[in-house]
Amino acid sequence: KYRCQKTRTTTAPAWNNTHWAMDEGNPDFTVDFAETENIYDPDNFKTTLTIVAKLYNIDITADILAADVAWTRYSEDVSGVERMASDNAWALRRANSGKSIALTIADCDINGYMPKKLRFTATVTLRDGAGNAANVQSISFEY
């Protein structure tokens, strides 16, 4: 349900239209992955992570700019020590991946062992009707 904010507007109601305000629904900006839980084979690791963004329970993924999705990786070696240099190098290689990222065993950066902890995170910026950053949410996939 929308409430008009501008007299005699001729634009259609939308979540990011400054002429309209949402009156009902969950106002929280949420981000999730479209994929369901899968069983992963460490010898043949391959998956695609695609974000789904919602506001007022409306799927607004199409309105999120690809440049407003940042992917990061956190991993630990067999001793539990963060592999910061490897994770930073991965993030640089995967910059500008957009709303979906295809992950393979190469993204795990195996150096003779499977990392003790491996987490891929998408950080998504929501922009308001004027193009300003209004909210930021993250979702992680941990293997």
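See the structure shown above.
The structure presented is a predicted model; accordingly, all values stated were derived computationally and were not measured.

Definitions and cut-offs
Residues numbered from 1 in each chain as written. Predicted model: local features only at pLDDT ≥ 70, side-chain atom pairs only at ≥ 80, totals over all residues. Heavy atoms only, no water. Pairing = 2+ DSSP bridges. Helix = DSSP H or I, 4+ residues; strand = E, 2+ residues; numbered from the N terminus. Axes fitted to C-alpha atoms, helices over the stretch in contact; angles between N-to-C directions. Contact = heavy atoms within 4.5 Å. Buried < 20%, exposed > 50% of the residue type's maximum accessible area, 1.4 Å probe, protein only. Salt bridge = Lys/Arg side-chain N within 4 Å of Asp/Glu carboxyl O.

Student: Looking at this model, I keep getting lost on the sheet that holds strand β6 (residues 69-76). Mind explaining?
Tutor: Picture the strands of a sheet paired through backbone hydrogen bonds; they go either parallel or antiparallel. Strand order across the open sheet formed by 3 strands is β6-β8-β9, with antiparallel pairing between neighbours. In this open sheet, the two strands that pair with only one neighbour each are β6 and β9 (133-142). Taken over all neighbouring pairs, the strand axes of this sheet differ in orientation by 20° on average, direction set aside. Here β6 pairs with strand β8 (residues 117-127) via 8 bridges, running antiparallel. Residue pairing for β8: Ser 75 is matched across the bridge by Leu 118. Packing of helix α1 (residues 84-93) onto the sheet brings it into contact with β6 and β8, and relative to β6 it is tilted by some 155°.

Student: Explain unusual backbone geometry to me, please; I cannot follow it from the model alone.
Tutor: Excluding glycine, most residues fall at negative phi; most peptide bonds, likewise, are trans. Positive phi is not limited to glycine here, since Arg 8 has a value of about 60°. The exposed category is assigned to Arg 8, whose relative accessible area is 77%. Although it is not a glycine, Asn 96 adopts a positive phi angle of roughly 65°. As for its position among the elements, Asn 96 is in the loop between α1 and β7 (100-104).

Student: I would appreciate a short explanation of the pattern of salt bridges in the present structure.
Tutor: Think of it this way: side chains of opposite charge can pair up when their charged atoms draw near. Enumeration over the complete set of coordinates arrives at 5 salt bridges. Residue Arg 127 pairs with Asp 68 through a salt bridge whose shortest N-O separation is 2.7 Å. Linking Arg 127 in strand β8 with Asp 68 in the loop between β5 (58-59) and β6, this pair joins segments that are 59 residues apart in sequence. The buried category is assigned to Asp 68, whose relative accessible area is 8%.

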